[in-house]
Amino acid sequence: MWKRWVISIVVNALSLMIVSTIFDDFYLSSVSAAVIAAIVLSIINIIIKPILILFTLPATILTLGLFLFVINAITLMITQGIIGDAFIIDGFSTALFAAIIMALLNLIAQKAFIEPMQR
């Protein structure tokens, strides 16, 4: 259980760093800020994200799941609010595009590295 959580933290930290190089409006001050943001994001995903999904279930169903990207963007905005100046996202649209790219990067990491390691 701990091993999967640590792998998820590493993958999310790497995804955050990659996204910060893609967008000028997405700022991470350091690698340690990325790791802290990944830890906070994982805690938010465990506690707050299920509640958000439950409240927005009709919108999620109507959009065939695409509204989950909006929920991921909201969790990113909450994370940057908690972290402060070390992690800044200028605008919700940047958070939305970052959430989409992070989902793609996590999918690639899952298929290319994590699943082969588990076999």
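Residues numbered from 1 in each chain as written. Predicted model: local features only at pLDDT ≥ 70, side-chain atom pairs only at ≥ 80, totals over all residues. Heavy atoms only, no water.

**Student:** Talk me through the UniProt feature "transmembrane region" (unreviewed entry) in the chain; I want residue IDs and the actual numbers.
**Tutor:** Sites flagged by UniProt as "transmembrane region" (unreviewed entry) map to residues 5-23, 29-48, 55-74 and 86-109. The span residues 5-23 is 95% helix and 0% strand, and its two end C-alpha atoms sit 27 Å from each other. Helix makes up 85% of residues 29-48 and strand 0%. Its end C-alpha atoms lie 25 Å apart. (UniProt positions renumbered as here; feature names shortened; annotations may be inferred. Helix = DSSP H or I, 4+ residues; strand = E, 2+ residues; numbered from the N terminus.)

**Student:** Which residues make up the packing of aromatic side chains, and what are the values?
**Tutor:** In the structure shown here, the tally under the stated rule is two aromatic pairs. Both rings, one in Trp2 and one in Trp5, keep their centres 5.9 Å apart while their planes meet at 85°; by these two values the pair is edge-to-face. Of this pair, Trp2 and Trp5 both sit in helix H1 (residues 2-22), separated by three residues, roughly a single helical turn. A residue is classified by how much of its surface remains accessible, and Trp2, at 63% relative accessible area, is exposed. Their ring planes at 70° and their centres at 5.3 Å tell us that Phe26 and Phe87 sit as a pair that is edge-to-face. (Phe/Tyr/Trp six-rings, centres within 6.5 Å; stacked < 30°, edge-to-face > 60°. Buried < 20%, exposed > 50% of the residue type's maximum accessible area, 1.4 Å probe, protein only.)

**Student:** For the layout of surface pockets, give the residues involved together with the corresponding values.
**Tutor:** Rolled over the atoms, a probe sized like a water molecule indicates the empty space that remains. Computed from the structure, the largest pocket encloses a volume of approximately 250 Å³. Looking at the largest pocket, it is lined by 15 residues, and the ones nearest its centre are Asn12, Leu41, Asn45, Lys49 and Asn106. Put simply, the parts of the chain that give the lining of the largest pocket at least two residues each are H1, helix H2 (31-47), helix H5 (67-83) and helix H6 (92-118). Grouping the constituent residues of the lining of the largest pocket by class yields seven nonpolar, seven polar and one charged. (1 Å grid on protein atoms, 1.4 Å probe; cavity = no way out; pocket = protein on both sides within 12 Å on 5 of 7 lines; lining within 4 Å. Points joined across faces, edges and corners; volume = space filled by probe spheres on them. Nonpolar A, V, L, I, M, F, W, Y, C, P; charged D, E, K, R; others polar.)

**Student:** Mind laying out the pattern of salt bridges, listing which residues take part and the relevant values?
**Tutor:** Counted under the stated rule, the structure contains one salt bridge. In this structure, the salt-bridge partner of Glu115 is Lys111, at a minimum N-O distance of 3.3 Å. You can see Glu115 and its partner Lys111 sitting in helix H6, four residues apart, about one turn around the helix. (Salt bridge = Lys/Arg side-chain N within 4 Å of Asp/Glu carboxyl O.)

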